[in-house]
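Secondary and tertiary structure notes
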Amino acid sequence: MDTANSGAGGAPASREPRPFVGINFTCCNVYRRIYKNRAGDAYEGSCPKCLKKVKLMIGAGGTSNRFFDAK
Ligand SMILES: [Zn+2]
């Protein structure tokens, strides 16, 4: 674990891929990735067609799945 550069700027290191989950928006039958928010406590995004927002909590009471259906 390399933590030497953590806590410096605020922007995550570019070598660190942004975590995301795949979500299937059943409202419009479209698949999309949504990304972790700044707080790091949820994945947030919106349907590309109808712009319905989704928020998936991470951790306690949340989910550890990687793929979802938005209803
Ligand atoms: Zn939609």
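Here the structure is a predicted model, which is why all the values come from computation and not from measurement.

Let's talk about the overall build of the protein chain
- The secondary structure content of the protein chain amounts to zero helices and five strands.
- When the elements of the protein chain are put in sequence order from the N terminus, they spell out β-β-β-β-β.
- Across the 71 residues of the protein chain, 21% fall into the buried class.
- Here the contacts in the protein chain between residues at least 6 apart in sequence split such that 25% fall between residues at least 24 apart.

Here's the deal with the coordination of the zinc ion
- Protein coordination of the zinc ion is provided by Cys27 (SG), Cys28 (SG), Cys47 (SG) and Cys50 (SG), with donor distances spanning 2.3 to 2.4 Å.
- Of the residues examined, cysteine 50 reaches a relative accessible area of 41% and is grouped as partly exposed.

Let's talk about the sheet that holds strand E1 (residues 20-25)
- Strand order in the open sheet formed by five strands is E4-E3-E2-E1-E5, and the pairing between neighbours is mixed. The open sheet has two free edges, formed respectively by strand E4 (53-57) and strand E5 (67-70), since each of these has just one partner strand. Taken pair by pair, the neighbouring strands of this sheet meet at an average axis angle of 30°, ignoring direction.
- In this sheet, strand E2 (residues 30-36) lies alongside E1 in antiparallel orientation, the contact comprising six bridges. In the strand pairing of E2, valine 21 is matched with isoleucine 34.

Here we look at the pairing of E2
- Where E1 folds back onto E2 in an antiparallel hairpin, the turn is made up of four residues, including asparagine 29, whose phi is positive at roughly 55°.
- Counted along the chain from E2 to the antiparallel partner strand E3 (residues 42-46), the turn is five residues long, and its residue glycine 40 has a positive phi close to 80°.

Structural notes on unusual backbone geometry
- In this structure, asparagine 29 takes a positive phi of about 55° despite not being glycine.
- Mapping asparagine 29 onto the fold places it in the loop between E1 and E2.
- Since its relative accessible area comes to 65%, asparagine 29 is described here as exposed.
- Non-glycine residue leucine 51 carries a positive phi angle of around 65°.

Focus on the environment of glycine 45
- In this structure, glycine 45 sits in strand E3.
- Considered as a pair, glycine 45 and arginine 32 are 13 residues apart in the sequence and their alpha carbons are 9.0 Å apart.
- Beyond its immediate chain neighbours, meaning those up to four positions away, glycine 45 contacts Ile34, Lys52, Lys53 and Val54.

What counts, and at which threshold
- Residues numbered from 1 in each chain as written.
- Predicted model: local features only at pLDDT ≥ 70, side-chain atom pairs only at ≥ 80, totals over all residues.
- Heavy atoms only, no water.
- Helix = DSSP H or I, 4+ residues; strand = E, 2+ residues; numbered from the N terminus.
- Buried < 20%, exposed > 50% of the residue type's maximum accessible area, 1.4 Å probe, protein only.
- Contact = heavy atoms within 4.5 Å.
- Donors = N, O, S within 2.8 Å, 3.2 Å for Na, K, Ca; no water.
- Pairing = 2+ DSSP bridges.
- Axes fitted to C-alpha atoms, helices over the stretch in contact; angles between N-to-C directions.

Take it as geometry only, folks, not as evidence of what the structure does.
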